[in-house]
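Commentary on secondary and tertiary structure
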Amino acid sequence: MKVPAELARSVRARWPERADRWLNVVEPELAELCRRYSAAPQRVLPARCALVISAKTTDRSLILRATADPDAAAQASVASALAKLGVAPAIHTVDTTEAGTWMVMDQVTPGTTLAETDPRTLNLDDLTAPLRSMVGEPAPSCDLPSITDWLRDRLTDDHLADIPPGQTRSDAKDRKHALDLLNELADDTRTGLCHGDTSTFNVVADADGRWMFIDPRGMRGEVEYDAAVMAFKIADALTISEAVARVADAVQLDYSRVQKWVMISRSARV
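Nothing here was measured: the structure is a model prediction, and the numbers come from that model. Just so you know, the residues in each chain are numbered from 1, in the order the chain's sequence is written. Residue-level local features of this predicted model are given only where pLDDT is at least 70; pairs of side-chain atoms are given and counted only at 80 or more, and the full residue set underlies all totals for whole chains, interfaces and linings. Side-chain figures throughout are based on the complete set of non-hydrogen atoms in the structure, without hydrogens or water.

1. Topic: the environment of L7
Where we set the bar: Starting at the N terminus, helices and strands are each numbered in turn, a helix being any DSSP run of H or I of at least four residues and a strand any DSSP run of E of at least two. Only protein chains enter the area calculation, which uses a 1.4 Å probe; residues under 20% of their type maximum are buried, those over 50% are exposed, and those in between are partly exposed. Any pair of residues with heavy atoms lying within 4.5 Å of one another is described as a contacting pair.
Examined against the element boundaries, L7 turns out to sit in helix α1 (residues 5–14). On the basis of relative accessible area, L7 is assigned to the buried category, the value being 5%. Here the alpha-carbon distance between L7 and A50, two residues 43 residues apart in the chain, equals 7.3 Å. Discounting residues that sit within four places of it in the chain, L7 has contacts with A47, R48, C49, A50 and L51.

Structure, rendered in structure tokens:
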């Protein structure tokens, strides 16, 4: 298995000071992990800034994920906390070196993403079950970066480049309003376990139809934020207000608070 050329370019663009060292070691490290787990690599899965390999052993399917991201240890800690709740795949290995971090975890199969699911077939009680499990759970570490700080940086960056395909930078008036809302929510902090990126490609279904979360952002925050992102990402099938109301009701969260997070995250172009 080789690092795709497009991935190599993305890693060099995002972490130029770490890229060459990571690219020099990631393929031999992959071979060593496959030997350790007696795993046969199957294919490279799509990912913007990580090498993600599906692999098979005699009794299970695994995901082997490597990244040069210096914040990968934080992501692994959130992934492990979610796994202990049963709302994310089990983690078998987290190996961090000077070059990067490897995670070995169970593969969610068939792994149908929310993005691939007909919104008309969605059962919101099933979809929001992981969020209900997260309510009241503490963040794995108080040293994790804050989702609030990350959003504030995005809202105040006049040259933000990391924008979802097909979108443009939100205008200054919208960002100012979003910052006011963010400051209001920050004054009433409810920091706990937070996935941080409940986009439709990070919510996947297993063979029993249970929804699971993958690829957390690695930050502390609140479930209301995750509910907000989920709500506006599925709003193609519903109006935004209806999606927020139904998700908030299913998780038993404050509608007005979730709605504020929707306005903030949309303006921040998450």
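2. A short note on the sheet that holds strand β2 (residues 50–56)
Quick note on the threshold: Strands are labelled as partners when DSSP assigns at least two bridges between them. The axes are straight lines fitted to the C-alpha atoms, using for helices just the contacting stretch, and the angles between their N-to-C directions are given from 0 to 180°.
Pairing is antiparallel across the open sheet formed by 5 strands, whose spatial order is β1-β2-β3-β5-β4. A single partner strand is all that each edge strand has here, and the edge strands are β1 (40–45) and β4 (91–96). For this sheet, the mean inter-axis angle between neighbouring strands, taken without regard to orientation, is 20°. With 7 bridges joining them, β2 and strand β3 (residues 61–67) adopt antiparallel strand pairing. Looking across to β3, one finds that L51 is bridged to A66.

3. What to know about the nonpolar core
Definition in use: What is meant by a nonpolar core is a set of buried Ala, Val, Leu, Ile, Met, Phe, Trp, Tyr and Cys residues, joined one to another through side-chain atoms within 4.5 Å.
Of all hydrophobic cores here, the largest spans 51 residues; its most connected members are L127, L131, L151, Y225, W261, I264 and V270. Top contributing element to this core by residue count: helix α8 (residues 223–233), with 8 residues. Those residues in contact with V270 that lie beyond four places of it in its chain are W150, L151, R154, P164, Y225, V229, F232, K233 and S265. If you look at the next biggest cluster of nonpolar residues, it comprises 23 residues, including V3, A8, I53 and A66.

4. Here we look at the packing of aromatic side chains
Quick note on the threshold: Ring pairs shown here join Phe, Tyr and Trp side chains whose ring centres sit within 6.5 Å, with only the six-membered ring taken for Trp; geometry is labelled stacked below 30 degrees between planes, edge-to-face above 60, and tilted in between.
Tallied over the full model, the rule gives 1 aromatic pair. Here Y225 and W261 contribute two aromatic rings whose centre-to-centre distance is 5.4 Å and whose plane-to-plane angle is 80°, an arrangement assigned as edge-to-face. Here Y225 is found in helix α8, whereas its partner W261 is found in helix α10 (residues 255–267), with 36 residues between them in sequence. Overall, W261 belongs to the buried group, its relative accessible area being 2%.

5. A short note on the side chain of T117
Cut-off, in case you're wondering: The definition of a polar contact used here is a pair of N or O atoms within 3.5 Å, where within protein one atom must be able to donate a hydrogen and the other to accept one, and adjacent residues in sequence count solely through side-chain atom pairs.
Note that T117 resides in the loop between β6 (110–113) and α4 (124–127). Engagement of the side chain of T117 in a polar contact is seen with the backbone oxygen of T113, the distance being 2.9 Å. Among all residues touching T117, those that are not within four sequence positions of it are T112, L122 and W211.

6. Looking at the packing of helix α9 (residues 240–251) against α10
Stated precisely, the cut-off is as follows: Put simply, angles under 35 degrees are roughly parallel, angles over 145 are roughly antiparallel, angles from 65 to 115 are roughly perpendicular, and the rest are oblique. Definitions for this section: a left-handed crossing has its near helix turned counterclockwise from the far helix by less than a right angle. A right-handed crossing has that turn clockwise.
Relative orientation of the contacting elements α9 and α10 amounts to 130°, with a least axis distance of 9 Å. With respect to α10, the axis of α9 lies oblique. Classified by chirality, the crossing of α10 by α9 is right-handed. Listed contacts from α10 to I240, S241, V244, A245 and A248 of α9 are Y255, V258, Q259, V262 and R266.

Purely spatial values, then, with no claim about function.
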